[in-house]
Amino acid sequence: MRIRLVTTTALAAGALTALSAVPAQAAEYDSALKIRGIQYDAPGSDSNRCSGGNTKDEYLTIKNYSRSTTVNLKGYVVKDATGNKFTFTASHSLQPGDYVKLRGGNGSDSDANNVVYRDNCNFMWNNDKDTIYVYKPSGSRADVHSYTQSGSDPDRNGYISYHG
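Residues numbered from 1 in each chain as written. Predicted model: local features only at pLDDT ≥ 70, side-chain atom pairs only at ≥ 80, totals over all residues. Heavy atoms only, no water.

Caption draft 1: Molecular detail of unusual backbone geometry. We note that Asp119 has phi near 55°; this positive angle belongs to a residue other than glycine. Residue placement: Asp119 occurs in the loop between β8 (115-117) and β9 (129-135). Look at Arg156: it is not a glycine, yet its phi comes out positive at around 55°. Since its relative accessible area comes to 49%, Arg156 is described here as partly exposed. (Helix = DSSP H or I, 4+ residues; strand = E, 2+ residues; numbered from the N terminus. Buried < 20%, exposed > 50% of the residue type's maximum accessible area, 1.4 Å probe, protein only.)

Encoded structure:
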């Protein structure tokens, strides 16, 4: 009886050690739509003028990672940590594997060019750190990522990739 108890205790301790050696994984949301990458710092000096500014060079790429489902962006919401937000008010369908770039500034939305403009000349993303939230039309979270310039962007080019 004593040998079994010692063996069982040793096996349990070994299992706990093995479990604690596995790194914690980030929460993964049940959504086909995810953040592919962000150009959080537009190249050059920041200028949020509607004419001649560079807010259009700041963008968020959102991709449909589904293998078989088309996703309509209408009703999806993109927010940052301070509450700046953009709501996709028009239908914009993403086929499986397709993506859209949500750009700052003004322009013509285009399914053919995979672009939607925020129609706002202010920068949405902070250059030092921020958090990006994507919400489904139902209000549930589709994806979220935080970044810091020093920790997430080792080459300091203002672009960070997520989900490949």
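Having put the structure on the table, let's press on.
Caption draft 2: Spotlight on the side chain of Lys63. Here Lys63 shows up in strand β2 (residues 59-64). The charged side chain of Lys63 is buried without a salt bridge, its nearest counter-charge being Asp98 at 8.9 Å. For Lys63, the contacting residues outside a window of four places in its chain are Ala32, Leu33, Lys34, Arg36, Gly97, Asp98 and Tyr99. (Lys, Arg positive; Asp, Glu negative; His and termini not counted. Salt bridge = Lys/Arg side-chain N within 4 Å of Asp/Glu carboxyl O. Contact = heavy atoms within 4.5 Å.)

Caption draft 3: Here's a closer look at the state of the cysteines. What the rule picks out here adds up to one disulfide. In this model Cys50 forms its disulfide with Cys121; the gap between the sulfur atoms is 2.1 Å. Between Cys50 and Cys121 the disulfide shows an S-S torsion of about 115°. By sign, it is right-handed. Here the residue Cys50 occupies a position in the loop between β1 (33-39) and β2, and Cys121 occupies one in the loop between β8 and β9, the gap between them amounting to 71 residues. (Disulfide = S-S within 2.5 Å.)

Caption draft 4: Structural context of the sheet that holds β2. Strand order in the open sheet formed by five strands is β8-β7-β2-β1-β11, with mixed pairing between adjacent strands. A single partner strand is all that each edge strand has here, and the edge strands are β8 and β11 (159-161). Across this sheet, the average inter-strand angle for adjacent strands is 25°, counted without regard to direction. One ladder, built from three bridges, connects β1 with β11; its direction is antiparallel. Its bridge partner lying in β11, Gly37 is registered against Ser161. (Pairing = 2+ DSSP bridges. Axes fitted to C-alpha atoms, helices over the stretch in contact; angles between N-to-C directions.)

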